Structures are given as structure tokens and as C-alpha cells.
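Structure assessment
One letter stands for each residue in the lines below.
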Amino acid sequence: MTDLDTAGPLIVGSLLRSAALPSNPTELRICIFAPPLVEPFQPSLTLPYLAAQLRDMSFTPACHNLSSLFYVWLFRRVRLESMTRYGELSRAINTLRDSEKFFEPRDYQDALNRLDTYVTSLTEHDHIPYSLFPASRASVIESGTSLQSLVEAMRNTLLERFLLDYVGFTLQLEIYDVIGFSATNVFQLASSIFIARTLKEAGIQAHLILGGHSVSVAGAEIVHGSELFDCFDSVVLGGGADVFATICDDYANGRKKKLYLSFDAAEQYRYKRSSFPTDKPYQLELQHDINDLYLSPNQVFSIYSALGCSYGECTFCGSNRENAAYVPRYVSVLVDELEALGTGARINHFNLCDNNFDPVRVGSFCAELERRNLSGIYWQCTSRVYRSLDEPLLKRLRKNGCVMMNVGLESGSNRILELMKKGYTTEDVDLMLDAFKAASMPVHLYCICGFPSETVEDSEMTIAVLLRHLGSSHSVYFQDYEAQLAAKVFADALGTDTGGYNAERMIGRLRESPEVEAGFAVQGNLLRRRGYPFIEDHNFLYLANEHRMSFERGAES
């Protein structure tokens with residue numbers, strides 16, 4: 001029998017709060033967890049934004065990224081087993097944080113392989129996928145694994161030991177009135193249940209709240225139909241900080257409710273125009289140990305630009321206007337946040353989170369950067385096919401630090417594009433991608449495979465478009481319609497029958513070209529230029545480094 005077998009619940013005893021709950025909900029002591037596991041290369045986006053929204057409502061939450069901290073703990077604990085192995089892992093981590101070695105593909109890949117080998121050995125021991133990155137060798141969960149099985153598998157593992165060490169001993173959980181869990185994937189959902197169940201067994205009296213993307217996707221059925229969720233006092237489907245604040249208000253005033261939906265937000269916590277402020281920046285505070293949570297020389301942060309989509313017509317998309325409102329934030333507010341993060345946390349690499357950062361909006365963003373004379377900021381964004389994404393505009397983006405645009409091509413068949421209600425033709429695609437080449441702007445393309453009624457001929461048309469432009473493209477992601485697109489707004493009208501190629505077949509056809517086979521590597525459904533990382537933030541950093549060196553050489557103007 002090991003010490004894990006005898007450890008029991010988290011060693012917090014049955015420590016109880018001695019003081020009564022405050023009647024003013026903003027005086028509640030709140031803790032929010034990003035539970036294990038999300039790949040550790042970027043700290044949680046949910047924590048800083050959710051906490052900032054709550055602070056805007058006068059709450060004072062404490063945040064703990066248990067996912068990234070777990071990986072830090074995994075690597076550091078090796079000192080107790082083997083200083084030789086610890087030295088090897090430390091050198092690998094230092095390589096990933098080194099501003100020169102990181103950008104040497106051989107050194108980078110060797111460091112990543114060393115860490116992955118170690119984590120895979122832990123996976124094989126615990127039978128839990130301690131995955132470092134998508135398609136890591138440790139990603140071994142079968143898609144059919146039940147949530148119940150995953151929760152039970154966490155007992156007597158290193159994950160449980162971490163929770164004992166960090167959550168049980170380091171955090172003073174008994175001081176909190178409310179503990180929230182934000183789960184974005186199924187593993188985080190399972191570990192949220194595991195932690196919450198253990199806290200209840202230990203006698204922690206805090207009100208436990210579960211929310212996040214994975215909960216919303218699962219829907220109310222799993223909450224009502226499963227005893228797994230009995231350990232939570234409240235569960236949120238689709239709501240944000242406004243609903244979280246409402247739960248705290250209800251709890252402080254003795255109102256009990258299990259399930260909260262997005263429209264359950266109390267009036268005093270709703271923003272006037274949307275579910276979040278559009279006309280003022282968030283006061284973002286990052287964890288004091290944030291540098292320990294990154295395995296890269298530069299931090300990458302994601303800035304919320306808008307909810308929904310400024311186009312909003314595509315038939316396959318959950319951001320269709322019939323399904324989601326479009327709520328953009330002021331461009332000046334985005335730049336306020338960039339400046340604040342650069343001054344405070346010294347972060348200057350950003351993902352702009354916007355389903356369609358269209359030409360008008362991206363032009364306004366560049367104008368604001370120019371007005372403030374900001375330089376040394378690197379960013380990427382997502383858009384769709386527009387003729388107005390022309391060479392002069394793309395060169396302006398490059399000059400203002402844009403290192404890549406992600407564009408939804410979706411199909412090379414005009415018939416399929418019309419069914420998708422994309423609003424453009426393959427002629428528009430050719431003109432836009434020619435402009436990208438002329439402006440030396442890297443582009444990542446998205447394609448949808450197996451769209452309803454698609455034929456082999458339609459798929460071959462997409463192949464032809466890609467072959468015309470892959471020489472000047474950075475990467476392509478192929479998305480299988482039926483398997484991967486969760487929100488099919490007009491699925492009933494379109495059906496699901498298809499004769500088109502799936503993602504694997506599309507990639508196989510492209511690789512029949514000697515030029516594609518020589519110039520691109522494949523991981524899963526992603527086709528990317530050789531020599532670039534498959535970890536998205538690391539790929540972004542590689543492109544930003546190239547961009548920086550290019551302008552330093554004066555190669556672009």
C-alpha cells in the first residue's frame with residue numbers, strides 16, 4: 001500500500017468558517033480554479049477575463065491555474081527521484097524559454113520530445129492522458145471513455161497527489177465562501193468533479209460553482225441525469241460573470257438554485273449593451289507566477305475583440321446571427337488592453353479573438369496603433385474572404401505587427417459556397433490569396449470537408465484551389481463537417497448526406513503533389529509548412545520572430 005492509498009481526502013480536515021456569510025455578495029471570499037488539464041503552453045484565458053469582469057462588479061476573486069501549476073509540479077517533483085533526469089528536463093525547459101534556442105527547429109523539437117517522453121511515461125503509469133500538446137503521445141483517451149470512468153481513474157494517481165500537495169496544503173480553502181470551476185474540455189470537467197467531490201468529503205463548506213464551455217456543450221441533461229454533479233451547489237450553462245455574480249448574490253441572501261442559464265443574470269449585474277463591457281478595457285491581472293507557467297521565451301495572450309460574427313450568415317456556424325448576436329468591443333479598448341499588458345506583464349504577442357476581424361475593423365485597429373505610435377507588438381487575427389483584403393491593406397497590417405491571418409476558405413466549389421451562404425466565389429478567393437502573396441502575409445486557411453450534398457467533383461475543385469495557392473500559404477486545417485462542427489444551424493434543411501472527401505482524403509490527395517509533400521508536414525487534420533511548430537502559440541512565435549527579423553533587415557516597408 002502506497003502513501004497515495006492512505007492519503008484519503010484532501011488534508012484540509014473539516015475546517016469550517018467561523019464567521020457568518022456577509023449579506024453583501026461583493027464581500028464574499030471567492031476562489032476560481034482552471035482545473036487540470038489543458039496543455040501548459042498558455043495560461044488560461046478564462047481566469048483573467050472572468051476575474052476582471054467580477055472585479056468590475058466590485059467582487060474580489062482569487063484565481064489559481066491548477067492546470068499549468070500541475071505541469072510545473074510534475075517537472076519539479078523529479079528532483080526527489082533522480083537529479084540526472086531532473087537536469088535533463090530542466091535543460092529541455094530552459095531551451096523552450098531561451099530566446100535563441102527556441103527558434104532552432106532541431107533544439108526546439110529535441111526539448112519538446114524530452115518533455116513528452118517523460119510525461120508519456122507518467123501517462124502509462126497512471127492511465128491518464130497528461131498531454132503536453134495536441135497529438136502528444138500522452139493523448140490516449142478513447143473518444144468513448146465515459147465521464148464517470150475518467151473521474152474514477154483519477155484516484156491514486158499523480159494528479160490526486162498534486163491536489164493533496166497544492167490544493168490541500170498550499171491553499172487555505174477554508175477561508176473561501178465560493179469556489180468556482182471553469183471547465184473547457186472533458187478532462188477539466190472530470191477533474192472539476194473529482195476536486196469538488198473531494199472538497200465535499202473533506203467538509204469544505206464553500207458554495208461550489210461549475211461552469212465553462214464543456215458544461216455548456218454537455219447541456220442540462222447531464223446535470224439532471226447524473227449523480228456526478230451532486231457535488232456542485234450550482235451549475236452554469238452558457239453564462240458568464242453576470243451569472244456568476246447572480247449566483248453569489250443568491251447564495252449570500254439564502255436563495256438556493258442548482259441550474260443557471262445565461263438569461264438568469266440579475267438585472268444589477270447585466271451590462272447595458274451585452275454580456276460584457278464594450279466601451280472600457282478590462283483591468284486584467286495575471287498570476288504572480290505567470291512566467292513559471294509558460295514554456296516559451298515570450299508570453300502570448302488572447303484579447304477578446306467581439307462575440308459573435310460581423311458577417312453572421314454562414315449556415316454551418318454557431319456564430320450565425322440566428323444563433324448568436326454580434327457584440328464588438330471598441331477598437332480603442334483593445335489597444336488599451338494591449339498597452340496595459342505590455343507595460344505591466346511585458347506581454348507583446350497577442351491573439352485577437354474575433355470570429356471575423358473584417359477589413360473595416362482591422363483597418364481601424366491599425367489606425368489606432370498608428371495614432372498611438374505603438375511598435376514592437378505582434379498579433380494574429382481571423383477573417384473571411386474579402387476582395388478588400390487587398391495588397392495595400394495587408395502591407396499596412398504587416399507594418400503594424402500582424403504576423404498571420406487565419407481565413408475561412410471552406411470550399412473551392414461555388415455551388416458549396418452558395419449552400420454555405422459564404423457570400424463570395426472562388427474568383428474572390430483567388431484575388432485575395434494573390435494579394436496575400438504580394439504582401440508577403442502568411443495565411444492559415446480553414447476548409448470544411450464532407451459538407452451536405454458535396455460530391456467528389458466539389459472536393460476536387462477545393463483541391464485545385466489549394467494547389468494554386470499552397471505555395472504562398474502557411475498552413476491549412478481540414479474540418480470534417482459531421483464529426484467536428486457541433487452547431488449546424490440549418491442541418492435539418494441541408495441534411496447530412498455527402499459524397500465529398502473527408503479530411504484524411506483531402507490531405508492525402510494534396511500530398512500526391514511532390515511540391516506539397518516536400519514542403520509541408522502533417523499532424524492530424526493540419527497541413528503546415530515544414531520547420532514550424534504544431535503547437536499554435538509556438539507557431540505564432542516563430543512567425544513573429546521572422547517578422548521582427550524581416551523588418552529589422554529592412555526587407556519590408
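That block above? That's the structure.
Because the structure is a prediction, the values reported are computed rather than measured. (Residues numbered from 1 in each chain as written. Predicted model: local features only at pLDDT ≥ 70, side-chain atom pairs only at ≥ 80, totals over all residues. Heavy atoms only, no water.)

Phe75, Ile179, Phe181 and Phe232 are the most contacted members of the largest nonpolar core, which totals 76 residues. Here this core gets eight residues from one element, more than from any other, and that element is helix α8 (residues 186-202). Filtering out sequence-adjacent residues up to four positions away, Phe232 remains in contact with Phe181, Ser192, Ile193, Ala196, Leu208, Ile209, Leu210 and Lys258. Core analysis: the second largest hydrophobic core is formed by 59 residues, Tyr49, Leu341, Phe357 and Cys381 among them. (Core = buried A, V, L, I, M, F, W, Y, C linked by side-chain atoms within 4.5 Å. Buried < 20%, exposed > 50% of the residue type's maximum accessible area, 1.4 Å probe, protein only. Helix = DSSP H or I, 4+ residues; strand = E, 2+ residues; numbered from the N terminus. Contact = heavy atoms within 4.5 Å.)

Let us now look at helix α4 (residues 83-97). The terminal C-alpha atoms of α4 lie 21 Å apart, and with 15 residues this matches the ideal 21 Å at 1.5 Å per residue to within 8%. Where α4 is concerned, the buried positions are Tyr86, Gly87, Leu89, Ala92, Ile93, Thr95 and Leu96. Looking at the packing, one finds that the buried side of α4 touches α3 (66-76) and α5 (105-126). (Expected span 1.5 Å × (residues − 1).)

As a further point, take the sheet that holds strand β10 (residues 349-353). Strand order in this open sheet of eight strands is β7-β10-β11-β12-β13-β14-β16-β15, and the pairing throughout is mixed. Each having just a single partner strand, β7 (300-304) and β15 (520-523) make up the two edges of the open sheet. Strand-to-strand twist across the sheet, computed as the mean angle between neighbouring axes with direction ignored, equals 20 degrees. As paired strands, strand β11 (residues 378-384) and strand β12 (residues 402-410) are joined by six bridges and run parallel to one another. The partner of Thr382 across the bridge, within β12, is Asn406. Contacts between helix α16 (residues 426-438) and the sheet are confined to β11, β12 and β13 (443-449), with β12 contributing the most and set at about 165 degrees to the helix. (Pairing = 2+ DSSP bridges. Axes fitted to C-alpha atoms, helices over the stretch in contact; angles between N-to-C directions.)

Turning our attention to the sheet that holds strand β3 (residues 178-182). Hydrogen bonds along the backbone pair up the strands of a sheet, which may run parallel or antiparallel. In spatial order, the strands read β2-β1-β3-β4-β5-β6; together these six strands make up an open sheet with parallel pairing. Each edge of the sheet is formed by a strand with only one pairing partner; in this case those strands are β2 (62-65) and β6 (259-261). Pairwise comparison of adjacent strand axes, ignoring direction, gives a mean angle of 20 degrees for this sheet. Helix-sheet contacts for helix α2 (residues 46-56) involve β1 (30-34), β2 and β3, and the interaxial angle to β1 is about 160 degrees. The sheet strands contacting helix α11 (residues 241-252) are β1, β3, β4 (207-211), β5 (234-237) and β6, and the helix crosses β6 at an angle near 140 degrees.

Next up on the list: the environment of Thr46. Relative to the helices and strands, Thr46 is located in helix α2. For the pair formed by Thr46 and Ser302, sequence separation is 256 residues and the distance between their alpha carbons is 10.0 Å. Once residues lying within four places of it in the same chain are set aside, the contact partners of Thr46 are Ala51, Ser182 and Thr184.

Side-chain alternation along β5 places Ser234 and Val236 on one buried face and Val235 and Leu237 on a second face that is also buried. Across two bridges, β4 lies against β5 in parallel orientation. Bridging across to β5, Ile209 finds its partner in Ser234. With respect to chirality, the unit in which β5 leads through α11 into the neighbouring parallel β6 is left-handed. (Right-handed = clockwise from strand over helix to strand, strands pointing away.)

Before going further, it helps to examine the pattern of salt bridges. For the coordinates displayed, the defined rule picks out 29 salt bridges. Residues Asp428 and Arg387 are paired through a salt bridge, measuring 2.3 Å at the closest nitrogen-oxygen approach. Of this pair, Asp428 sits in helix α16 while Arg387 sits in the loop between β11 and α14 (391-399), placing them 41 residues apart in sequence. On the accessibility criterion, Asp428 (12% relative accessible area) is buried. Residue Asp430 pairs with Arg468 through a salt bridge whose shortest N-O separation is 3.1 Å. (Salt bridge = Lys/Arg side-chain N within 4 Å of Asp/Glu carboxyl O.)

With that settled, the discussion passes to unusual backbone geometry. Of note in the backbone geometry, Glu410 takes a positive phi value of approximately 75 degrees without being a glycine. By the secondary structure assignment, Glu410 is in strand β12. Located in the positive-phi region is Ser440, a residue other than glycine, with phi close to 55 degrees. You can see Ser440 is positioned in the loop between α16 and β13.

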